[in-house]
Amino acid sequence: MIQYLEDRNVTNEQDRRLRELLTICFPQEPAFRERRYCKEVPAHRWLIETPGFIAAHAAVHDKTISVEGHGSFRIGGVAEVAVHPESRGRGYVRELLAEIHRWLAAQGFDFAMLLGREGIYRSSGYRTITNEIRYLDTKLGEWKCERLDCVMVAPISGMDWPDTGVVDLNGPTF
């Protein structure tokens with residue numbers, strides 16, 4: 001039921017359906033009308049397809065971040081988590097994230113990270129972090145460093161998240 005794709009292998013029809021789903025789920029983001037990503041192309045995608053539309057989707061960016069005083073970590077930056085309105089309430093987000101976490105563990109990632117609401121993602125093992133985040137603001141074209149209330153992590157390799165030190169995303173948020 002869950003299909004894994006490298007982004008480079010997305011077909012034209014899947015691209016059209018992805019942009020349709022992302023536009024429905026994120027109407028405030030005009031980028032999805034023209035492309036299947038917001039700021040940077042993710043390397044990996046997981047889909048649940050049904051006849052006629054994509055029921056659920058999540059993308060993953062392969063990133064190396066640094067945390068001041070703690071070193072570098074390989075993270076799966078989870079992005080564009082979306083469920084079609086006709087498919088909500090079926091546990092698709094939890095299923096997608098479980099599959100993504102298994103894949104991340106097999107690939108040697110340390111953490112999964114996303115920007116979202118704790119009420120949605122807590123049951124999948126995510127918790128909000130309090131570190132300041134350094135990232136590239138793509139709209140302003142400048143670097144920012146601030147605490148973002150929506151940054152959440154889930155341990156993949158069994159290590160604890162370092163709760164101190166600035167987190168440098170080495171690029172934009174995802």
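Below you will find a few notes about this structure. Bear in mind that the values here come from a model prediction, so they are computed numbers and not experimental data.

1. A few points about the packing of aromatic side chains
Under the counting rule described, the total for this entry stands at nine aromatic pairs. Taking 5.9 Å as the distance between ring centres and 45° as the angle between the ring planes, the aromatic pair formed by Phe-26 and Phe-32 counts as tilted. Accessibility expressed as a relative area gives 23% for Phe-26, which makes it partly exposed. A centroid spacing of 5.7 Å and a plane angle of 75° characterise the contact between Phe-73 and Phe-111, whose relative ring orientation is edge-to-face. With Phe-73 in strand S4 (residues 71-83) and Phe-111 in strand S5 (residues 111-115), this residue pair connects regions lying 38 residues apart in the sequence.

2. Examining the pattern of salt bridges
Applying the stated rule across the entire model yields 17 salt bridges. Among the salt bridges present, the one from Arg-45 reaches Asp-7, with a minimum N-O distance of 2.6 Å. Remark: Asp-7 occurs in the loop between strand S1 (2-6) and helix H1 (12-25) and Arg-45 occurs in strand S2 (residues 44-50); sequence separation between them is 38 residues. Residue class for Arg-45 comes out buried when judged on its relative accessible area of 0%.

3. Notes on the pairing of S5
Counting buried residues in S5 gives four out of five residues, a clear majority hidden from the surface. Relative to S5, S4 is paired through four bridges, and the arrangement is parallel. Bridge pairing in S5 places Ile-75 opposite Phe-111. Handedness of the crossover is the feature at issue here: the chain leaves S4, passes through helix H2 (residues 92-107), returns alongside S5, and the resulting connection is right-handed. Relative to strand S9 (residues 151-155), S5 runs antiparallel, the two being bridged by five bridges. By the bridge assignment, Leu-115 is partnered in S9 with Val-151.

4. Section: the nonpolar core
In this structure, Val-78, Leu-97, Ile-100, Leu-104, Ala-112, Tyr-121 and Tyr-126 are the most contacted members of the largest nonpolar core, which totals 25 residues. For this core, the elements supplying multiple residues, two or more each, are S2, strand S3 (53-67), S4, H2, S5 and S9. No other element matches H2, which puts seven residues into this core. In this structure Val-78 touches Ala-59, Val-60, Leu-97, Ala-112, Met-113, Leu-114, Tyr-126 and Phe-174, once residues within four positions along its chain are discounted. With 17 residues, the next largest nonpolar core counts Ala-79, Ile-133, Val-151 and Phe-174 among its residues.

5. Some words on the pairing of S2
Counting buried positions along S2 yields five of seven residues, so the element is predominantly enclosed. Bridge count for S1 against S2 is five bridges, and the pairing is antiparallel. Of the residues in S2, the one forming a bridge with Glu-6 is His-44. Here S2 runs beside S3; their pairing, made up of seven bridges, is antiparallel. Paired with His-44 across the strands is Val-60, a residue of S3. The loop that links S2 with its antiparallel partner S3 comprises two residues; one of these, Gly-52, has a positive phi angle of about 95°.

6. Comments concerning the layout of surface pockets
Of the volumes computed, that of the largest pocket is approximately 980 Å³. Forming the walls of the largest pocket are 33 residues, and the residues nearest its centre are Phe-26, Gln-28, Glu-80, Leu-115 and Phe-174. Listing elements by their share of the lining of the largest pocket, those giving two or more residues are S4, S5, helix H3 (118-121) and strand S7 (132-137). Per-element tally for the lining of the largest pocket: the top contributor is S4, with six residues.

Rules behind the numbers
Residues numbered from 1 in each chain as written. Predicted model: local features only at pLDDT ≥ 70, side-chain atom pairs only at ≥ 80, totals over all residues. Heavy atoms only, no water. Phe/Tyr/Trp six-rings, centres within 6.5 Å; stacked < 30°, edge-to-face > 60°. Buried < 20%, exposed > 50% of the residue type's maximum accessible area, 1.4 Å probe, protein only. Helix = DSSP H or I, 4+ residues; strand = E, 2+ residues; numbered from the N terminus. Salt bridge = Lys/Arg side-chain N within 4 Å of Asp/Glu carboxyl O. Pairing = 2+ DSSP bridges. Right-handed = clockwise from strand over helix to strand, strands pointing away. Core = buried A, V, L, I, M, F, W, Y, C linked by side-chain atoms within 4.5 Å. Contact = heavy atoms within 4.5 Å. 1 Å grid on protein atoms, 1.4 Å probe; cavity = no way out; pocket = protein on both sides within 12 Å on 5 of 7 lines; lining within 4 Å. Points joined across faces, edges and corners; volume = space filled by probe spheres on them.

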